[in-house]
Amino acid sequence: MAEEHTELEERIIIKDQHTKEIDLVNRDPKHINEDVVKVEFEDVIAEPVGTYSFDGVWKTSYTTFTVSKYWCYRLLSALLGVPLAVIQCVSRIYSLCIHTFCDPLFEALSKICGNIRVALRKEI
C-alpha cells in the first residue's frame, strides 16, 4: 500500500512540473535580461535644438519605430522560438541516428582499410 502511495505522489509531482502555470505578465522573473541594452526611440532618433521637423513627421517616425520594433521581435520570436526550443530534443535524436547507422559503417570501413599496406619501390 505504501508503494502505491509513493508511486501516486511521484505521478502527481511529474504532472505538476508539466502543468506549471506560466506568468504572462512578468516574463523575466529571475531578471536575466537586466543588463541587456534596451533601445528606445529617443536613443536612436533625436533632433538638435532649434532644428525640428514637422510634428506629424516626428509622430510618424515614433509610431513607425515603435511598431516596427514590436512586430520584428514578435515575428522573429514566432519563427525562431519554437525551433530553438526543440533543438535539444532534435540534436539527441540526430545523435542517436548517427551513432546507430553511421558508427557501425565507419567502423567496418576502418577495419577493411586498416589492413591495406602500401609499399613504394624505386626501380632503376
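Located above this text is the structure these notes cover.
Residues numbered from 1 in each chain as written. Predicted model: local features only at pLDDT ≥ 70, side-chain atom pairs only at ≥ 80, totals over all residues. Heavy atoms only, no water.

Caption draft 1: Structural context of the overall build of the protein chain. On a plain count of helices and strands, the protein chain comes out with four helices and zero strands. Helices and strands appear in the protein chain in the N-to-C order α-α-α-α. Taking all 124 residues of the protein chain together, 2% fall into the buried category. Surface exposure of the protein chain reaches about 12500 Å², of which carbon and sulfur atoms provide 65%. (Helix = DSSP H or I, 4+ residues; strand = E, 2+ residues; numbered from the N terminus. Buried < 20%, exposed > 50% of the residue type's maximum accessible area, 1.4 Å probe, protein only. Areas by Shrake-Rupley, 256 points an atom, 1.4 Å probe, with all protein chains shown as cover.)

Caption draft 2: A look at the packing of aromatic side chains. Summed over the entire model, instances satisfying the criterion amount to four aromatic pairs. Look at Tyr-70 and Trp-71: their rings are 5.3 Å apart centre to centre, the planes differ by 85 degrees, and that puts the pair in the edge-to-face class. Classification of Tyr-70 as partly exposed rests on a relative accessible area of 41%. Residue classification places Trp-71 among the partly exposed residues on the basis of a relative accessible area of 44%. (Phe/Tyr/Trp six-rings, centres within 6.5 Å; stacked < 30°, edge-to-face > 60°.)

Caption draft 3: Just the state of the cysteines, in detail. Throughout the structure, instances matching the rule amount to zero disulfides. Cys-102 forms no disulfide, and the closest cysteine sulfur to it belongs to Cys-97, at a distance of 9.1 Å. When its relative accessible area of 25% is taken as the criterion, Cys-102 is described as partly exposed. (Disulfide = S-S within 2.5 Å.)

Caption draft 4: Spatial organisation of a nonpolar patch on the surface. Residues Val-37, Val-39, Val-44, Ile-45 and Trp-58 make up a contiguous nonpolar surface patch of about 420 Å² in total accessible area. Within the secondary structure, Val-37 is located in the loop between α1 (2-18) and α2 (41-44). Residue class for Val-37 comes out exposed when judged on its relative accessible area of 70%. (Patch = residues over 30% accessible without salt bridge, like charges linked within 9 Å, V, L, I, M, F, W, Y side chains within 5 Å. Salt bridge = Lys/Arg side-chain N within 4 Å of Asp/Glu carboxyl O.)

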